[in-house]
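Observations on the three-dimensional arrangement
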Amino acid sequence: MCGIVGIVGNVPVAPLLVDALKRLEYRGYDSAGVATLETGGVLARRRAEGKLRNLEAKLAASPLGGLIGIGHTRWATHGAPTEANAHPHATDKVAVVHNGIIENFHQLKDELKAKGRVFASDTDTEVIAHLVTVELERGLSPVDAVGGVLKRLTGAFALAFLFPGHDNLLIGARRGSPLAVGHGQGEMYLGSDAIALAPFTDQVTYLEEGDWVVVTRQGATIRDENDTVVQRPMVVSAATAFMVDRGNYRHFMAKEIHEQPDVMGRTLGQYLDFGTGRTRLPALPFDWARLDGITMSACGTAFYAGLVAKYWFERFARLPVDIDIASEFRYRETPMKRGGLALFISQSGETADTLASLRYCRAQGQHIAAVVNVTTSTIARESDVVFPTLAGPEIGVASTKAFTCQLATLCALAVAAGRARGVLSDADEAKLVQALAEVPRLAAQALRLEVQIERLARRISKSQDVLYLGRGTSYPLALEGALKLKEISYIHAEGYAAGELKHGPIALIDEKMPVVVIAPHDRIFEKTVSNMQEVAARGGRIILMTDPKGAAEATISAVETIVLPEMPATVTPMIYAIPIQLLAYHAAVLMGTDVDQPRNLAKSVTVE
Ligand code: F6R
């Protein structure tokens with residue numbers, strides 16, 4: 001969601017705050033702002049609606065001095081994305097930036113209004129500034145004022161405060177949304193994640209749930225939710241400035257699509273021993289052989305990765321998988337037998353609904369496992385066992401390499417489970433490991449189809465609606481293809497199980513409707529061909545993604561075929577994801593949308 005940064009330094013901080021916000025812009029980009037303390041500890045602010053470049057232009061026209069400041073890039077929750085609603089929100093005594101939602105803000109606002117406080121925005125954040133101001137006016141110190149106010153707030157949030165007249169003091173707080181403290185030489189930092197702090201320091205302390213922190217140039221004092229001073233470990237962050245660079249690519253999304261052969265190889269290498277043909281997992285707090293099933297929960301693209309994995313776990317390990325969208329699961333009150341396995345999938349590890357589902361399962365006595373990309377995240381920290389994806393920082397808002405690395409990890413897990421349960425023999429395991437070893441090579445081959453896909457994207461970019469079809473593990477890919485196209489090109493798209501077509505969506509087919517069919521030549525290929533015949537008979541324009549065998553057998557007119565290399569059926573989701581991503585990417589580029597920062601979206605969804 002929103003991105004937060006704070007710096008107490010020794011050089012003018014406004015340009016540094018903007019630099020950090022650039023790295024956080026993927027979290028939200030409706031508006032942005034910075035506040036610093038200029039000469040004499042006087043608070044000065046610049047805020048701008050829209051992308052960060054608007055704020056930069058304002059700062060260029062009217063620069064801010066000061067060696068201490070806070071900054072924010074916003075994904076609107078309460079109040080339209082206007083300058084008045086942009087953070088920092090301030091009174092004459094405090095400025096605050098906020099990520100998350102204050103659930104009791106109506107009640108607090110009414111109370112403050114009754115005391116005569118006047119509000120300048122529609123945000124929930126501004127109540128925090130006023131609450132702190134009331135306490136400061138009562139004569140409390142900034143630390144005591146914030147300590148008291150935090151106890152009055154309900155909801156999930158991360159906060160950073162700056163106080164006029166106190167040029168060596170920042171206060172940060174974390175409840176539900178991440179916040180990291182960066183340690184420099186005589187300088188200290190606050191940031192929503194280590195990526196924001198990467199240009200300044202790699203020495204990072206992650207606040208834990210309920211923690212709040214007083215930061216000065218000399219260091220940080222962390223208190224827990226009971227205000228007891230606590231020590232939290234300092235770790236060396238792996239998020240180097242280099243890793244969040246776009247390189248020679250026009251968009252982060254393009255770079256991240258092209259990184260997939262490497263990052264999938266790295267991820268698979270972590271879970272597979274290609275030499276012996278065995279899987280290798282970290283020590284597990286549960287026994288695969290004793291499980292009756294797995295409960296999975298995730299959101300968006302991560303949910304589709306889980307949906308693919310359901311096919312693998314059920315087939316390779318004969319383990320039934322109950323999978324649901326986290327925002328539904330968390331309120332479904334699913335009865336669960338104690339001692340079961342609950343598996344959560346998340347790139348950011350901070351998605352509010354996924355985290356709430358995790359906590360529900362924890363309360364139901366489940367073993368908690370997570371497939372996450374950000375291993376310092378809340379979901380990672382609250383899990384009994386973490387299976388990291390080694391995708392590296394994913395900056396493009398539309399998930400690409402994180403998805404395929406989730407698939408790689410989940411496939412390795414399903415094979416390990418199958419072997420542990422005696423469903424797969426040593427020879428079966430070795431064969432599957434061998435198939436997975438081919439993934440980086442096959443992914444590199446799939447990327448070579450880009451020129452052809454770019455040409456097809458022209459047709460897609462002129463369409464109003466697009467249908468994606470697939471069967472088996474290609475069905476979740478159809479859902480993912482439709483999601484990718486919708487979110488970055490704004491073209492309406494639907495994904496369907498190919499066999500479901502005739503139960504309704506076939507009514508949509510006409511000569512204007514492109515239908516993308518994902519159909520490797522597998523054991524159900526024939527069935528998908530029948531569904532394609534049904535589309536062709538109604539004038540639908542088919543784009544078929546298949547392999548040489550599939551292309552030879554799918555003798556249907558009006559088909560444009562993207563021919564992927566032959567590959568073992570198990571690895572098709574990881575490879576067919578690539579042309580699907582490229583199709584959406586090029587359609588969006590042709591339409592001129594903001595590919596890395598599509599409208600209304602944010603990378604890490606820490607609100608419900
Ligand atoms: C789509 C996309 C989202 C995320 C979803 C879950 O391209 O990126 O659908 O997959 O918001 O996010 P994580 O994986 O961070 O929990």
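Residues numbered from 1 in each chain as written. Predicted model: local features only at pLDDT ≥ 70, side-chain atom pairs only at ≥ 80, totals over all residues. Heavy atoms only, no water.

**So, the environment of Lys 22**
Basically, it comes down to this: Numbering goes from the N terminus for both helices and strands, where a helix is a DSSP run of H or I of at least four residues and a strand is a run of E of at least two. For this analysis, residues touch if any pair of their heavy atoms sits within 4.5 Å. Polar contact criterion, stated in full: a pair of N or O atoms within 3.5 Å, where within protein one must be able to donate a hydrogen and the other to accept it, and residues adjacent in sequence count only if both atoms are side-chain atoms.
Inspection of the secondary structure assignment puts Lys 22 in helix α1 (residues 14-24). Ignoring sequence-local partners within four residues, the contact set of Lys 22 consists of Leu 52 and Glu 56. Looking at Lys 22, its side chain comes within polar contact range of the side chain of Glu 56, at 3.1 Å.

**Some details on the domain arrangement of the chain**
Put simply, the rule is: Domain segmentation is taken from an automatic or database assignment of domains. Defined here as a combined quantity, buried area equals the accessible surface (1.4 Å probe) lost by two parts on assembly, summed across both.
For the chain, the assigned domains read domain 1 (3-242), domain 2 (252-437) and domain 3 (447-597). On the domain 3 side, the residues contacting the 30 residues of domain 2 number 27 residues. Of the roughly 2400 Å² buried between domain 2 and domain 3 on both sides combined, carbon and sulfur atoms contribute 72%. Among the residues of domain 2 in contact with domain 3, Met 253, Tyr 304 and Tyr 311 are the three that bury the most area, contributing 22% of the side total.

**A few points about the pattern of salt bridges**
Let me state the cut-off plainly: A pairing counts as a salt bridge when a side-chain nitrogen of Lys or Arg comes within 4 Å of a carboxyl oxygen of Asp or Glu.
Tallying each qualifying case throughout the model produces 31 salt bridges. Here Asp 594 ties to Lys 51 by a salt bridge, and the two come within 2.1 Å at their closest N and O atoms. Pair noted here: Asp 594 is in the segment after α20 (572-591) and Lys 51 is in the loop between β3 (42-49) and α2 (52-61), with a separation of 543 residues, a long-range link. Through salt bridges that share partners, Arg 278, Arg 419, Asp 426 and Glu 429 make up one connected network.

**Comments concerning the site of the ligand**
Under the convention used in this document: Here a residue is near a molecule or strand as soon as one of its heavy atoms is found within 4 Å of it. Surface accessibility in these figures is a Shrake-Rupley result with a 1.4 Å probe; residues are shielded only by whichever protein chains are displayed.
Neighbouring the ligand are 13 residues; Ser 346, Gln 347, Ser 348, Thr 351 and Glu 487 lie closest to it. Gln 347 places a polar main-chain atom, nitrogen or oxygen, 2.6 Å from an oxygen atom of the ligand. A distance of 2.9 Å separates an oxygen atom of the ligand from a polar atom in the backbone of Ser 399. Burial of the ligand by the protein amounts to 89% of the accessible area it has alone, namely 400 Å². Only α9 (300-316) and α17 (474-489) provide two or more residues apiece to the shell around the ligand. Ranked by the residues each element gives to the shell around the ligand, the list is headed by α9, at 3 residues.

**Structural notes on the side chain of Thr 123**
Stated formally: Exposure classes here rest on a 1.4 Å probe applied to the protein chains alone. A residue is buried below 20% of its type maximum, exposed above 50%, and partly exposed in between.
Mapped onto the elements, Thr 123 comes out in the loop between α3 (105-114) and α4 (125-137). Overall, Thr 123 belongs to the buried group, its relative accessible area being 0%. In terms of polar contacts, Thr 123 uses its side chain to reach the side chain of Ser 121, at 2.8 Å. Here the side chain of Thr 123 touches Glu 126 through a polar contact of 3.2 Å, landing on its backbone nitrogen.

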